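Descriptive analysis of the structure
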Amino acid sequence: MSAQTGTTYGAGFFHDWMTAAAAAVDREADRLTELDSAIGDADHGANLKRGFAAVTALLEKEPPATPGAVLVTSGRQLISTVGGASGPLYGTLLRRTGKALGDAERVSRAELAEALTAGVAAVAQLGGAQAGDKTMLDALLPAAEALGSSFAAAREAAEAGALATVPLRARKGRASYLGERSVGHQDPGATSSALLIAALAEAAG
Ligand code: ADP
Ligand code: MG
C-alpha cells in the first residue's frame, strides 16, 4: 500500500517512526557506544537512548496533531535531553524537517523527501560538515535523495553511506582530533542515522 502513488502519511505515522527509532537506538545502544569508543568518547549510544526515550515519552503524553508538529516536538526534545554534538544536530534535523512540512494534516513521501532534504541542509549548516567528512551527513545526504524514489531506497542508501565512512578520515567533530587514526572505523553518527532511516522505512511497512 505504502508504495502506491497518492499514499499520504499523518501524525500517527510520524509517531510510529519515532517509536521505531527509539526501539532501534535502544537495541543498538551498545554498538553505537562501541563505535564511539573507537573514535570518540563512548557516549553516543547512551546519548541517543536517553534522547529518544524522552521523545517517545513526550509524544505519548501530548500527542501532536500534525506530521510537522510531531517532528518539531521530537527535535526540540532531543536538543534539551541529549548532551554532545549529536543532540543539537539530530534536534535540528527533526525540527527543520518538521518546519518544512508546515501544518499539513497529511504529507506524501515526495513532500517528506523534500522536507528531509531541508533538514539535512540545516544539519550541514549547523555543523559545518559536508559529504565525505565522516559524519552523520554521509548517511543522511544519500538517504534524503533516495527517499525521492522509495522508503526502501532511502534505507539502503543510508546503510551504504554509513558503511562508506569506514575508510574516511574524520574532518569534523571529536573523531577529527584523531586525524589518520580515525580511518578504519565506522562513524557512530552515520550508523545511528542509518538506524533512524531504517526506522522510517519500518514505519512505512
Ligand atoms: P560527541 O561527539 O559530542 O560525543 P556524540 O558521540 O553523541 O557526540 O555524536 C558523535 C557523532 O556526531 C559523530 O559520529 C558524527 O556523526 C556527528 N557529528 C559530530 N560533529 C559533527 C558535525 N560538525 N557535523 C555533522 N555531524 C557531526
Ligand atoms: Mg561521543
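The paragraphs below set out a description of the structure included in this document.

So, about the overall build of the protein. Across its full length, the protein holds 8 helices and 2 strands. If you list the helices and strands of the protein from N to C, you get β-α-α-α-α-β-α-α-α-α. On C-alpha atoms alone, the protein measures out to a radius of gyration of 16 Å, which is about the 17 Å that the 2.2 N^0.38 rule sets for 205 residues. Structurally, the protein occupies a C-alpha span of about 45 × 35 × 30 Å along its principal axes. Put simply, the protein has 205 residues, and 51% of those count as buried. For the protein, contacts bridging at least 24 residues in sequence account for 68% of all contacts bridging at least 6. Across the protein, the mean location of the 18 positive side-chain charges is 5 Å away from that of the 22 negative side-chain charges.

Following the criterion strictly, the structure yields 5 aromatic pairs and no others. Between Tyr-9 and Phe-13, the aromatic rings sit 4.5 Å apart at their centres with planes inclined by 45°, giving tilted as the arrangement. Assessed through its relative accessible area of 7%, Tyr-9 is described here as buried. When its relative accessible area of 9% is taken as the criterion, Phe-13 is described as buried. Taking the centre distance of 5.4 Å and the plane angle of 80° together, the rings of Tyr-9 and Phe-151 count as edge-to-face. Linking Tyr-9 in strand β1 (residues 8–9) with Phe-151 in helix α7 (residues 151–163), this pair joins segments that are 142 residues apart in sequence. Both residues of the pair, Tyr-9 and Phe-151, count as buried. Taken together, the ring pairs in this structure connect Tyr-9, Phe-13, Phe-14, Trp-17 and Phe-151 into an aromatic cluster.

To find leftover empty space, a probe the size of one water molecule is rolled over the atoms. Each pocket or cavity is described by its volume, and for the largest pocket that value is around 530 Å³. Contributing to the lining of the largest pocket are 26 residues, with Ala-85, Ser-86, Leu-89, Gly-173 and Arg-174 lying nearest its centre. Elements represented by at least two residues in the lining of the largest pocket include exactly α1 (11–39), α2 (44–61), α4 (86–101), α5 (109–127) and α8 (188–204). Split by residue class, the lining of the largest pocket holds 10 nonpolar, 9 polar and 7 charged.

With their axes 7 Å apart at the nearest point, helix α3 (residues 67–81) and α4 run at an angle of 165° to one another. Here α4 runs roughly antiparallel to α3, going by the angle between their axes. Once α3 is placed against α4, the crossing between them reads as left-handed. Listed contacts from α4 to Pro-67, Gly-68, Leu-71, Val-72, Ser-74, Gly-75, Arg-76, Leu-78 and Ile-79 of α3 are Gly-87, Pro-88, Tyr-90, Gly-91, Thr-92, Leu-94, Arg-95, Thr-97, Gly-98, Lys-99 and Leu-101.

In this section: the site of ligand 1. Within the structure, ligand 1 sits among 20 residues, and His-44, Asn-47, Ala-85, Ser-86 and Asp-187 are positioned closest to it. Between ligand 1 and Asp-36 there is a distance of 3.1 Å, counted from an oxygen atom to a side-chain nitrogen or oxygen. The backbone of Gly-127 places a nitrogen or oxygen atom 2.9 Å from a nitrogen atom of ligand 1. Surface burial for ligand 1 is 93%, taken as the share of its 560 Å² of free accessible area covered by protein chains. Of all the cavities here, the one that holds ligand 1 is the largest pocket. Broken down by secondary-structure element, the contributors of at least two residues to the shell around ligand 1 are α2, α4 and α8. For the shell around ligand 1, the leading source of residues is α8, giving 3 residues. For the shell around ligand 1, a count of residues per class yields 6 nonpolar, 8 polar and 6 charged.

Here α7 is 13 residues long and its end C-alpha atoms lie 19 Å apart, about the 18 Å a rise of 1.5 Å per residue gives. Considered for burial, the residues of α7 that qualify are Phe-151, Ala-154, Ala-157, Ala-158, Gly-161 and Ala-162. Seen end-on, α7 carries its buried residues on one side only, within an arc spanning 130°. Structural note: α7 exposes Glu-156 and Leu-163 on the side pointing more than 90 degrees away from its buried face.

About the criteria used
Along each chain, numbering runs from 1 in the same order as the chain's sequence is written. Key to labels: chains lettered from A, ligands numbered from 1, both in the order written. pLDDT decides what is reported in this predicted model: residues at 70 or higher carry local features, side-chain atom pairs at 80 or more are listed and counted, and totals for whole chains, interfaces and linings draw on all residues regardless. Only hydrogens and water are set aside when side-chain values are computed; all heavy atoms of the structure are taken into account. Numbering of helices and strands starts at the N terminus; helices are DSSP runs of H or I of at least 4 residues and strands are runs of E of at least 2. Our radius of gyration looks at C-alpha atoms and nothing else; its globule reference is 2.2 Å times the residue count to the power 0.38. Note on exposure labels: buried denotes an accessible area under 20% of the residue type's maximum, exposed denotes more than 50%, and partly exposed covers the range between, all computed with a 1.4 Å probe on protein chains only. Residue contacts are counted whenever heavy atoms from the two residues lie within 4.5 Å of one another. Note that His is not counted, nor are the chain ends; the positive residues are Lys and Arg, and the negative ones are Asp and Glu. Every charge is mapped to an atom, namely NZ of Lys, CZ of Arg, CG of Asp or CD of Glu. Pairing of aromatic rings covers Phe, Tyr and Trp, the last through its six-membered ring, and needs centres within 6.5 Å; plane angles under 30 degrees mean stacked, over 60 mean edge-to-face, and all others mean tilted. The rule is simple: put a 1 Å grid over the protein atoms alone, call a set of points where a 1.4 Å probe fits but cannot get out a cavity, call an open set with protein on both sides within 12 Å along at least five of seven lines a pocket, and count a residue as lining if it has an atom within 4 Å of a point. Grid points are joined across faces, edges and corners, and a volume is the space filled by probe spheres set on the points. Under the scheme applied, nonpolar residues are Ala, Val, Leu, Ile, Met, Phe, Trp, Tyr, Cys and Pro; charged residues are Asp, Glu, Lys and Arg; polar residues are all the others, including Gly. Where helices are involved, their axes are fitted lines through C-alpha atoms of the stretch in contact, as for all axes, and angles between N-to-C directions lie from 0 to 180°. Roughly parallel refers to an angle under 35 degrees, roughly antiparallel to one over 145, roughly perpendicular to one between 65 and 115, and oblique to any angle outside these ranges. Take the far helix as the reference: if the near one is turned anticlockwise from it by less than a right angle, the crossing is left-handed, and if turned clockwise, right-handed. A cutoff of 4 Å decides nearness: a residue is near a molecule or strand if any of its heavy atoms lies inside that distance of it. Polar contact criterion, stated in full: a pair of N or O atoms within 3.5 Å, where within protein one must be able to donate a hydrogen and the other to accept it, and residues adjacent in sequence count only if both atoms are side-chain atoms. We get accessible surface area from the Shrake-Rupley algorithm with a probe of 1.4 Å; when it comes to residues, only the shown protein chains can shield them. Grid points define the cavity or pocket, and a molecule sits in it when more than half of its atoms lie within 2 Å of them. To estimate the expected span of a helix, subtract one from its residue number and multiply by 1.5 Å. Directions are taken from the helix axis to each C-beta atom, and the arc is the one they span.

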